[in-house]
Amino acid sequence: MKVNVIQSQQDLEQAFSIRRRVFIDEQQVPPEDEFDENDTLTADCVHVLAEADGEAAGTGRMRRSDTYGKLERICMLPHYRGRGIGQAVIGALEREAAAKGLEAVKLHGQTHAEGFYQKLGYETVSDVFMEDGIPHIVMTKQLNEQEE
């Protein structure tokens with residue numbers, strides 16, 4: 001398994017395909033809510049693509065928002081869940097945030113994934129709220145804690 005920063009339109013399209021299958025098909029997120037102005041190779045946003053068994057398996061993105069990195073659109077294809085790919089995607093996005101000099105990351109996690117993010121050092125900092133009909137919480141992590 002490997003996770004790489006997306007450099008080509010072809011890899012970006014593979015990431016979009018994963019997001020369509022997970023968010024739009026599986027979770028019923030409206031397409032107009034899933035894709036936005038940050039979904040380009042030139043946006044101030046880093047996209048990553050995880051590959052396993054020779055196929056695109058998961059993806060995520062990180063964009064700078066003020067003084068922190070906002071992790072977004074993190075998803076794995078169903079048959080790749082539970083294999084450590086999500087953890088690898090998060091790690092890659094955190095490294096990208098740290099490389100940009102950011103000291104913290106934040107995400108809107110689906111409540112069913114709260115335990116997963118907590119195991120990776122994230123802290124829940126909000127009450128539950130609805131986003132696209134799915135319950136979410138805001139979670140944060142200080143990146144400098146990784147180096148201590």
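All values derive from a computational prediction rather than experimental measurement.

Trainee: Can you tell me about the layout of surface pockets, naming the residues and giving the values?
Mentor: Of the pockets and cavities examined, the largest pocket occupies roughly 780 Å³. In terms of lining residues, the largest pocket is bounded by 33 residues, among which Phe23, Ile74, Cys75, Gln110 and Tyr117 are the most central. Those elements that provide at least two residues to the lining of the largest pocket are helix 1 (9–26), helix 2 (31–34), strand 4 (68–76), helix 3 (85–99), strand 5 (104–110), helix 4 (114–119) and strand 8 (134–142). It is strand 4 that provides the largest number of residues to the lining of the largest pocket, a total of seven residues.

Trainee: Please set out the packing of aromatic side chains residue by residue, giving values where relevant.
Mentor: One pass over the full model with this rule turns up three aromatic pairs. With a centroid separation of 5.9 Å and 70 degrees between ring planes, the pair formed by Tyr117 and Tyr122 is classed as edge-to-face. Each member of the aromatic cluster is reached from another via a ring pair, and the members are Phe116, Tyr117 and Tyr122.

Trainee: Would you mind going over the nonpolar core in detail, with residue names and values included?
Mentor: If you look at the biggest cluster of nonpolar residues, it comprises 39 residues, and the most contacted ones within it are Leu71, Ile74, Ile85, Val89, Tyr117 and Tyr122. Elements supplying a minimum of two residues to this core: helix 1, strand 2 (45–52), strand 3 (55–65), strand 4, helix 3, strand 5 and strand 8. In this structure, Ile74 is in contact with Phe23, Thr59, Gly60, Val89, Ile90, Leu93 and Tyr117, ignoring residues within four places of it in sequence.

Trainee: Describe the pairing of strand 4, with residues and values.
Mentor: With nine of its nine residues buried, strand 4 lies for the most part within the structure. As paired elements, strand 3 and strand 4 share seven bridges and run antiparallel to each other. Bridging across to strand 4, Gly58 finds its partner in Met76. What sits between strand 3 and strand 4 in their antiparallel hairpin is a turn of two residues, with Asp66 showing a positive phi close to 60 degrees. Summarising the sheet, strand 4 and strand 5 pair through three bridges and their orientation is parallel. By the bridge assignment for strand 5, Lys70 is matched with Lys106. The parallel pair strand 4 and strand 5 is bridged by helix 3, and the resulting crossover is right-handed.

Trainee: With reference to specific residues and values, describe the environment of Tyr80.
Mentor: Mapped onto the elements of the fold, Tyr80 is located in the loop between strand 4 and helix 3. Overall, Tyr80 belongs to the buried group, its relative accessible area being 4%. For the pair Tyr80 and Gln118, spaced 38 residues apart in sequence, the C-alpha to C-alpha distance is 20 Å. Once you skip the residues sitting within four places of it in the chain, Tyr80 turns out to touch Ala52, Asp53, Glu55, Ala56, Ala57 and Ile85. A distance of 3.3 Å separates a polar atom in the side chain of Tyr80 from the backbone oxygen of Ala52.

Thresholds, definitions, all that
- Residues numbered from 1 in each chain as written.
- Predicted model: local features only at pLDDT ≥ 70, side-chain atom pairs only at ≥ 80, totals over all residues.
- Heavy atoms only, no water.
- 1 Å grid on protein atoms, 1.4 Å probe; cavity = no way out; pocket = protein on both sides within 12 Å on 5 of 7 lines; lining within 4 Å.
- Points joined across faces, edges and corners; volume = space filled by probe spheres on them.
- Helix = DSSP H or I, 4+ residues; strand = E, 2+ residues; numbered from the N terminus.
- Phe/Tyr/Trp six-rings, centres within 6.5 Å; stacked < 30°, edge-to-face > 60°.
- Core = buried A, V, L, I, M, F, W, Y, C linked by side-chain atoms within 4.5 Å.
- Buried < 20%, exposed > 50% of the residue type's maximum accessible area, 1.4 Å probe, protein only.
- Contact = heavy atoms within 4.5 Å.
- Pairing = 2+ DSSP bridges.
- Right-handed = clockwise from strand over helix to strand, strands pointing away.
- Polar contact = N/O pair within 3.5 Å; in protein donor to acceptor, adjacent residues only side chain to side chain.

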